[in-house]
Amino acid sequence: MATQKIQRSPAEIEDIILKKIFLVSLTDIMENDSRVVYLEMTAAEILSEGKELKFSRDIMERILIDRLSGHFPSAESPFPYLIGCFRRAHDEGKRIASMKDKAVRSEMESVVRQAKKLVVSYCRIHLGNPDMFPSLDTGTNKSSVSPLLPLIFSEVSGSVDGFGGSSSSGGSGCPPGFLEEFFRDSDFDSLDPILKGLYEDLRGSVLKVSALGNFQQPLRALLFLVSFPVGAKSLVNHPWWIPKGVYLNGRVIEMTSILGPFFHVSALPDHTIFKSQPDVGQQCFSEASTRRPADLLSSFTTIKTVMNNLYEGLKQVLHSLLRNADTRESVLEYLAEVINKNMSRAHIQVDPISCASSGMFVNLSAVMLRLCEPFLDANLSKRDKIDANYVFHGPRLDLRELTSLHASSEEVAEWINKGDPEKTDGLGLLSYKENRLLQSQEATSSGSNAYLKPKSSSDQKTKYTFICECFFMTARVLNLGLLKAFSDFKHLVQDISRCEDTLSTLKAMQGQAPAPNLNLDITRLEKEIELYTQEKLCYEAQILRDGGLIQSALSYYRLMVVWLVGLVGGFRMPLRSTCPMEFSCMPEHFVEDAMELLIFASRIPKALDGVLLDDFMNFIIMFMASPEYIRNPYLRAKMVEVLNCWMPRRSSSSATATLFEGHQMALEYLVRNLLKLYVDIEFTGSHTQFYDKFNIRHNIAELLEYLWQVPSHHNAWRQIAKEEEKGVYLNFLNFLINDSIYLLDESLNKILELKELEAEMSNTAEWERRPAQERQERTRLFHSQETIIRIDMKLANEDVSLLAFTSEQITAPFLLPEMVERVANMLNYFLLQLVGPQRKSLTLKDPEKYEFRPKELLKQIVNIYVHLARGDKENIFPTAISKDGRSYNEQLFTAAGDVLRRIGEDGRIIREFIELGAKAKVAASEAMDTEAVLGEIPDEFLDPIQYTLMKDPVILPSSRITVDRSVIQRHLLSDSTDPFNRSHLTPDMLIPDNDLKARIEEFIRSQELKKHGEGLSIPSTKATLQTTTGEMNLIG
């Protein structure tokens, strides 16, 4: 017969459950579980009160206090005990769920809930007052880390943690539901001290941790805590949220704020004092040249993955805080403080002790871009939320002191304060701190459309949208972060290149004359190169290889340029003659950073794929030749560099394929604006402007050469040359000729110097007798000269090529009175260098190494001669050639013809060239006849600059001096000033001297009549330069 199951009353069940949860007993009976504690004193008190020795809800808290307060030899310490209670309560709850009696089940569930709530409450009390209850832990065993932290780690750990991290928390983990119960429904004051300790622990756990360390577990814990309103509030009220102090700077915020060490986690190099571990460069990229490509790729992939985990985690933390109205303002204040305290990161030399690391700012750049994603849609539909007045009146960022696109600081000040003249300092500009005091400290995310007028004090309390604040903060962060990292990477590559060149030189010297000091220098350089290479690969891993990061930045700057164009009325050409002040006062780096990013991204394979580039193209075409809108010529030149990267022969991206040939604004304005910029760049205002212009014009010339081959641009070019024959096109030709002459002359002189150095070094006996230091200096000079020749010759070849292909179809501007003699002089000079007496001294062992191609150069020079002769309907070109007293020699044409035949030039070209030489010879003879006819010319008829007979005299309005029109117009092509007093002068200001012109014409007529009347026989020949055939040692 089966035994009948004992039926227990609800009170008995409650007693059993609570005994199991709290591991206590009110009777001194030997328990099977050694953890059960006998509460003798509690039992005595209950009996004295006449109550039954049973556990119930009524005495639950009393029992728990007695258990925690008592000294029991083998009992657990308070916190592990309480966590165990919660876990056991959870287990009992699962058992209760299977009870069939609904009434009893409901009652017992209530008991368990009450027990859990009581346990959580005492956990808070214990953690807030650790000394309230006795603990068996000795002082040496006590940890400074909150015992809550391992539970949080257990709660947030995924199956796979970060590189170098661990997904295991140790122990049995956190009881289900405990942390939610702990952080929910509690007053702020009781939890705030606990949370503050947790945040300090989390900060400490990632301090000086690199991308290869365990940062993901603390990051997930941080995100978990801020998901609770009380956790978010506690974080932004922590004293270390934004550290305070007299010595507060960017680095202090990075290392001491709660979020700073999380943002410091990076693969990028940092100053030795702040270096994180494990060392990414050493661990992933040491001796990279010997590693298998697959190993390097694995390292790149690992770093990219863990960094994107960091970006996403930090974005979620900030996003969680920003969604909470109580904490949003604090987040914006933190970001603003980080930005403002790191303004000096924009400097070329950054102080690593006072500025936050590149790693922090690249991370912050990636996080800010993720926060911008909601308003970076393809249509940029929310751009009207961006208020231009934030730049001048924003409550947080100091933007007004940045260099503007066009306006001077005085103009910015005047424009900002014109609506509020009373609240200005002595300079007429509200200081940044005063402005911040005047503005609302509660500016957050309420709506505001873009205003395009300066605000007066009455409306300075405008609340800017979050989109607006996020947009401008991201602009500043990218400038100080991602774009600064691009610059650092570029300099790092240059440092490696310099070190490798020096190392190569030292090894060559060591081979010639071994020396101990050289060995030390070689070893030192090899170590430097190894370190630099590791750093370079770290940059590559975190930035260059992260296509998502680059494309997010491109999307952001697309919004930037579209928004900026909106300030001037949209994508319409031509621009208004007056630049709107809203645009003029915008920080210059907004545009410069966009261009730098485009250049950088264009050089990374596939980085531009899928990117919408049309808006960038429109922006560049609109502003690259508009100094009235963008004052800095170097910034406008940077736009050309972008276009240069997008040329089909350079770009591998499909995104750039149709930008030049199917783009309406490009077809209409691109060639015109390139020609205008070519002219404008002559004067940059920099002390290095003379040399800078060659590099800038090199980029323009490459673009022009490409566009000449595109039929639609070719036609536009010819139309511009016709319309601007005496305008921008003439100026373009003038500077092109100036540059060609200078570059070729400089190159040829350097070749002569190089040959002298070669001769020194080839005399081995004499060379080795010289001191080692002198040999080293001369060797460095030799390599320097090689580089200069190579660069100058490349530029000279490019300029001559540009002249050659354009002159084939556009000849009129070359043959204008103010230009024709300059063109002739240049061609004669080149011809003299290439086939004249100096030819022998220019022989090089390897001319191709220096881009010196004399045969090709001669062909192009001769082609220009022939092209202009074909277009010369008035036969003025031969006269101009013969008037060149410096380089013209009739024998050069014959000599050049011989060379052209040997190198296989087209026979028709040679024939026309020789015919031109014959015409020049006749013109020279005729000039001598004319000179003989005129005799002594009165000084008043001579041009004071060239001392030649004036044909069209004009009076200069300022100095009142009379000069020949063609002479002064030639001068004005390069210099818009009166040559006699430097006052401003333009061609339209010249005053015709009709009276003097008539007198000159009368003088010529009278002299001709006089000579003919005398029947003077005038010789028809002129003594020529005595140059023998032997001296004409030609190319070939």
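Owing to the predicted nature of the structure, the values given are computational and were not obtained by experimental measurement. (Residues numbered from 1 in each chain as written. Predicted model: local features only at pLDDT ≥ 70, side-chain atom pairs only at ≥ 80, totals over all residues. Heavy atoms only, no water.)

**Student:** How should I be thinking about the overall build of the protein in this particular structure?
**Tutor:** Of the regular secondary structure elements, the protein holds 40 helices and 5 strands. Residue burial in the protein is summarised as follows: out of 1036 residues, 52% are buried. Taking contacts inside the protein between residues at least 6 apart in sequence as the whole, the part at least 24 apart equals 76%. Of the roughly 47300 Å² of accessible surface on the protein, 51% is carried by carbon and sulfur atoms. (Helix = DSSP H or I, 4+ residues; strand = E, 2+ residues; numbered from the N terminus. Buried < 20%, exposed > 50% of the residue type's maximum accessible area, 1.4 Å probe, protein only. Contact = heavy atoms within 4.5 Å. Areas by Shrake-Rupley, 256 points an atom, 1.4 Å probe, with all protein chains shown as cover.)

**Student:** Could you clarify how one ought to interpret the pattern of salt bridges in this entry?
**Tutor:** If charged atoms from side chains of opposite charge come close, those side chains can pair. A full pass over the atoms with the stated rule returns 54 salt bridges. In this structure, D295 and R292 form a salt bridge, with 2.9 Å as the shortest nitrogen-oxygen distance. You can call R292 exposed: its relative accessible area is 52%. As a salt-bridge pair, E469 and R396 come within 2.7 Å of each other at their nearest N and O atoms. Taken together, the positions of E469 in helix α20 (residues 466-480) and R396 in the loop between α17 (390-393) and α18 (409-417) put the pair 73 residues apart, joining distant regions of the chain. (Salt bridge = Lys/Arg side-chain N within 4 Å of Asp/Glu carboxyl O.)

**Student:** Looking at this structure, how should I read helix α25 (residues 589-602)?
**Tutor:** One turn of an α-helix holds 3.6 residues; hence residues three or four places apart share an orientation. For α25, which comprises 14 residues, the first-to-last C-alpha distance of 19 Å matches the rise-based estimate of 20 Å (1.5 Å per residue) to within 8%. Across the 14 residues that make up α25, a large majority, 12, are buried. (Expected span 1.5 Å × (residues − 1).)

**Student:** Can you help me understand the packing of helix α26 (residues 614-623) against helix α28 (residues 664-680) in this one?
**Tutor:** Packed helix pairs are specified by the crossing angle of their axes together with the interaxial distance, meaning the distance between the axes. As a packed pair, α26 and α28 sit with axes 9 Å apart at the nearest point and diverge in direction by 40 degrees. Our classification of the angle between α26 and α28 gives oblique. With respect to the hand of their crossing, α26 and α28 are arranged in left-handed fashion. Here M617, N618, I621 and M622 of α26 lie close against α28, whose contacting residues are M665, A666, Y669, L670 and N673. Its residues placed into classes, the contact of α26 with α28 shows 7 nonpolar, 2 polar and no charged. (Axes fitted to C-alpha atoms, helices over the stretch in contact; angles between N-to-C directions. Parallel < 35°, antiparallel > 145°, perpendicular 65-115°, else oblique. Left-handed = near helix turned anticlockwise from the far one by under 90°. Nonpolar A, V, L, I, M, F, W, Y, C, P; charged D, E, K, R; others polar.)

**Student:** What is the right way to look at the sheet that holds strand β3 (residues 953-955) in this model?
**Tutor:** Strands belonging to one sheet form pairs held by backbone hydrogen bonds; the direction of such a pair is parallel or antiparallel. Taken together, 3 strands build an open sheet; the order of strands is β4-β3-β5 and the sheet is antiparallel. Here the strands that pair on one side only, and so sit at the sheet edges, are β4 (962-964) and β5 (991-992). Here β3 pairs with β5 via 2 bridges, running antiparallel. The partner of V954 across the bridge, within β5, is P992. Of the strands in this sheet, β3, β4 and β5 touch helix α39 (residues 965-972), which is tilted by about 85 degrees from β4. (Pairing = 2+ DSSP bridges.)

**Student:** Looking at this model, I keep getting lost on the nonpolar core. Mind explaining?
**Tutor:** Within the largest apolar cluster, 305 residues are counted, with the highest numbers of intra-cluster contacts made by L148, F183 and W646. With 14 residues, helix α31 (residues 728-762) is the largest single contributor of residues to this core. Every residue in contact with F183, bar those within four places of it in the chain, is listed here: R124, L148, I152, L191, L195, L198, F224, L225, F228 and V230. Counting residues in hydrophobic clusters, the runner-up holds 8 residues, among them L503, L518, I522 and L525. (Core = buried A, V, L, I, M, F, W, Y, C linked by side-chain atoms within 4.5 Å.)

**Student:** Sorry, what's going on with unusual backbone geometry here?
**Tutor:** Here the amide bond leading from Q277 into P278 is cis, since omega sits at -5 degrees, within 30 degrees of zero. Summarising the element assignment, P278 is placed in the loop between α12 (260-264) and α13 (280-285). The omega angle of the peptide bond from M573 to P574 is 0 degrees, so this bond is cis rather than trans. Relative to the helices and strands, P574 is located in the loop between α23 (547-566) and α24 (581-584). With phi around 60 degrees, R960 is a residue other than glycine that occupies positive phi space. Mapped onto the secondary structure, R960 falls in the loop between β3 and β4.

**Student:** Would you mind showing me how to read the environment of N695 here?
**Tutor:** Looking at the secondary structure, you find N695 in helix α29 (residues 689-708). A relative accessible area of 48% places N695 in the partly exposed class. Separated by 97 residues in sequence, N695 and D792 place their C-alpha atoms 10.0 Å apart.

**Student:** Which parts of the structure should I look at to understand the packing of aromatic side chains?
**Tutor:** Where two aromatic rings form a pair, the distance of their centres and the angle of their planes describe that pair. Scanning the entire structure with this criterion turns up 39 aromatic pairs. Chaining the aromatic ring pairs together yields one cluster made of Y390, Y464, F471, F472, Y556, Y557, W563 and F590. Directly above the ring of F182 sits R124, whose terminal nitrogen or CZ lies 5.7 Å from the centroid. When the ring centre of F188 is taken as reference, the NZ or CZ atom of K233 above it lies at 4.5 Å. (Phe/Tyr/Trp six-rings, centres within 6.5 Å; stacked < 30°, edge-to-face > 60°. Lys NZ or Arg CZ within 6 Å of the ring centre and 35° of its normal.)

**Student:** When you look at the side chain of E818 in this model, what are you seeing that I'm missing?
**Tutor:** Mapped onto the fold, E818 is located in helix α34 (residues 817-835). Overall, E818 belongs to the buried group, its relative accessible area being 3%.

**Student:** Explain the confidence of the model for the protein to me, please; I cannot follow it from the model alone.
**Tutor:** Regions with low pLDDT carry predicted coordinates that are not meant to be interpreted in detail. With 90% of its residues at a pLDDT of 70 or more, the protein has an overall mean of 86. Element-level pLDDT for the protein is lowest in helix α19 (residues 432-438), with a mean of 41, against a maximum mean of 98 in helix α16 (residues 358-372). In this model residues 420-460 is a low-confidence stretch, pLDDT under 50, and it forms 108 contacts with partners more than four residues away in sequence or in other chains. Low confidence marks residues 1016-1036, where pLDDT is under 50. Its contacts with residues over four positions away, or in another chain, come to 44 contacts. (pLDDT = per-residue confidence, 0-100.)

**Student:** What exactly am I supposed to notice about helix α30 (residues 711-723) here?
**Tutor:** In this model, α30 (13 residues) spans 18 Å end to end at C-alpha, consistent with the 18 Å of a helix rising 1.5 Å per residue. Of all the positions in α30, only H713, H714, A716, W717, I720 and A721 are classed as buried. One side of α30 carries all its buried residues, which in axial view fall inside an arc of 165 degrees. Seen from the open side of α30, the exposed residues pointing more than 90 degrees away from its buried face are P711 and K722. Summarising the contacts, the buried residues of α30 are in contact with α28, α29, α31 and α33 (772-807). (Arc of directions from axis to C-beta.)

**Student:** How should I be thinking about the environment of E52 in this particular structure?
**Tutor:** Relative to the elements of secondary structure, E52 occurs in the loop between α2 (40-48) and α3 (60-69). Among the polar contacts made by the side chain of E52, one reaches the side chain of K54 at a distance of 2.7 Å. (Polar contact = N/O pair within 3.5 Å; in protein donor to acceptor, adjacent residues only side chain to side chain.)

**Student:** Explain the side chain of N734 here, please?
**Tutor:** Relative to the assigned elements, N734 resides in helix α31. Polar contacts involving the side chain of N734 include one to the side chain of R822, which spans 2.7 Å. Discounting residues that sit within four places of it in the chain, N734 has contacts with M819, R822, L973 and S974.

**Student:** Quick question: what am I supposed to make of the state of the cysteines here?
**Tutor:** Covalently bonding the sulfur atom of one cysteine to the sulfur atom of another cysteine gives a disulfide. Counting across every chain of the model gives 0 disulfides. Take C174: it sits in no disulfide, and the sulfur closest to it among the cysteines is that of C123, at 9.7 Å. (Disulfide = S-S within 2.5 Å.)

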